[in-house]
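Structural description and commentary
The residues making up each chain are set out below.
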Amino acid sequence: MRLQILTSALALTGSATAFSDSWPLVMFSTSEFPDAPSSNQVQTRSQAIEQVNDILSTCPTDNYLLVIHKDVNAADLRRPQTMPYLHLEMEGKDIHGKFIVPEVVGESINKKDVEDYVSTACSQQGKDAVFETVELKSLDNDPERRDNVDLWQQAKSLIEKGSYTVLFVGTPRPSKKSASSAEKTIYESEFVEPVRMDVKRDVTDGFQRRADNETEWDNRPLFQKYQFFTPGIFMALVTAVVLFSILGVGLRALASLEVSYGAFDKDMGPAAQKKQQ
């Protein structure tokens, strides 16, 4: 689980392409760190330095090691085989405080500024801090990582006697494209002289009859030219008249019926039937 501490923190930016001028910042210590005010995975140089200063302001340990690794970005830290010495140190049982910013945009940290700040903060706390600095080679110049491992062990041996804090920072990778190749070719447009044409407006009627058109036009009136009452419509009208006539007769027959109210009060029980017999 501890092997995944650093890689899980950096995995949040794994799918995104690292900034060309960004560098990682990893700080771990045998002392516990207060909660960082910001947990953003991408921060500016001023934001990252401000949080580092807040942690170091209390002078948490007696020894400090600043590790500057050239040409390193967040993608390199996500691979444990690239820098095994850093991942092994992060696995240590004595490590209780960790602060990681995968991508810091801007120039790298100035080691002189960090040393002066640590000395001032520890002197205010009445402590004599030991500050060491080591610069690791670029991964391109040390493909087998042997030189960097030796440098790391030498620097680590100077601060292992007591409590310690390690501040690991990288430096932005140099741009592969030179300024001359990045310049864009200026495009000079070449246009042929436009052809001028006199355009006349067409004022003639859009619908013209040809003089030689021999079509015979039917000039009869509308009701003579078209048949509106077809036999089907005529038969439907006659049928409707007959049906409405039958309906009217039936309604009049029902309306002419006269029934007295006494007919509804007539006793039709068994006693009344015997009297009728």
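Residues numbered from 1 in each chain as written. Predicted model: local features only at pLDDT ≥ 70, side-chain atom pairs only at ≥ 80, totals over all residues. Heavy atoms only, no water.

Per an unreviewed UniProt entry, the protein chain is named Protein BIG1, and its organism is Fusarium falciforme. UniProt's Subcellular location (unreviewed entry) comment on the protein chain is quoted here verbatim: "Endoplasmic reticulum membrane". The UniProt entry for the protein chain carries the following comment under Sequence similarities (unreviewed entry): "Belongs to the BIG1 family." (UniProt positions renumbered as here; feature names shortened; annotations may be inferred.)

Across its full length, the protein chain carries 11 helices and six strands. Of all intrachain contacts in the protein chain linking residues separated by at least 6 positions in sequence, the fraction that spans at least 24 positions is 85%. (Helix = DSSP H or I, 4+ residues; strand = E, 2+ residues; numbered from the N terminus. Contact = heavy atoms within 4.5 Å.)

Mapped onto the secondary structure, V67 falls in strand 3 (residues 63-69). A C-alpha to C-alpha distance of 8.3 Å links V67 and W152, two positions 85 residues apart in sequence.

Before going further, it helps to spend a moment on the state of the cysteines. Under the criterion given, the structure shown has one disulfide. The residue that forms a disulfide with C59 is C122, at a sulfur-sulfur distance of 2.0 Å. With the S-S dihedral at roughly 90°, the linkage between C59 and C122 falls on the right-handed side. Taken together, the positions of C59 in the loop between helix 2 (45-56) and strand 3 and C122 in helix 5 (residues 111-124) put the pair 63 residues apart, joining distant regions of the chain. A residue is classified by how much of its surface remains accessible, and C122, at 1% relative accessible area, is buried. (Disulfide = S-S within 2.5 Å. Buried < 20%, exposed > 50% of the residue type's maximum accessible area, 1.4 Å probe, protein only.)

At C59, a residue that is not glycine, the phi angle is positive and equals roughly 50°. Overall, C59 belongs to the buried group, its relative accessible area being 1%.

Averaged over every residue, the pLDDT of the protein chain is 76; the share at 70 or more is 69%. Note that pLDDT drops below 50 for residues 177-185; the model gives that stretch zero contacts with residues more than four away or on any other chain. (pLDDT = per-residue confidence, 0-100.)

The next subject is the sheet that holds strand 2 (residues 42-44). The strands making up a sheet associate through backbone hydrogen bonding, with each pair oriented either parallel or antiparallel. Overall, mixed pairing links the six strands, which are arranged 2-4-1-6-3-5 in an open sheet. Strand pairing shows two members of the sheet lacking a second neighbour, strand 2 and strand 5 (130-136), which therefore form its edges. Ignoring strand direction, the axes of neighbouring strands in this sheet form an average angle of 25°. Of the pairings in the sheet, the one linking strand 2 to strand 4 (residues 97-105) comprises three bridges and is parallel in character. Looking at the pairing, V42 lines up with E103 of strand 4. Helix 5 rests against strand 3, strand 5 and strand 6 (164-170) of the sheet, and its axis sits at about 165° to strand 5. (Pairing = 2+ DSSP bridges. Axes fitted to C-alpha atoms, helices over the stretch in contact; angles between N-to-C directions.)

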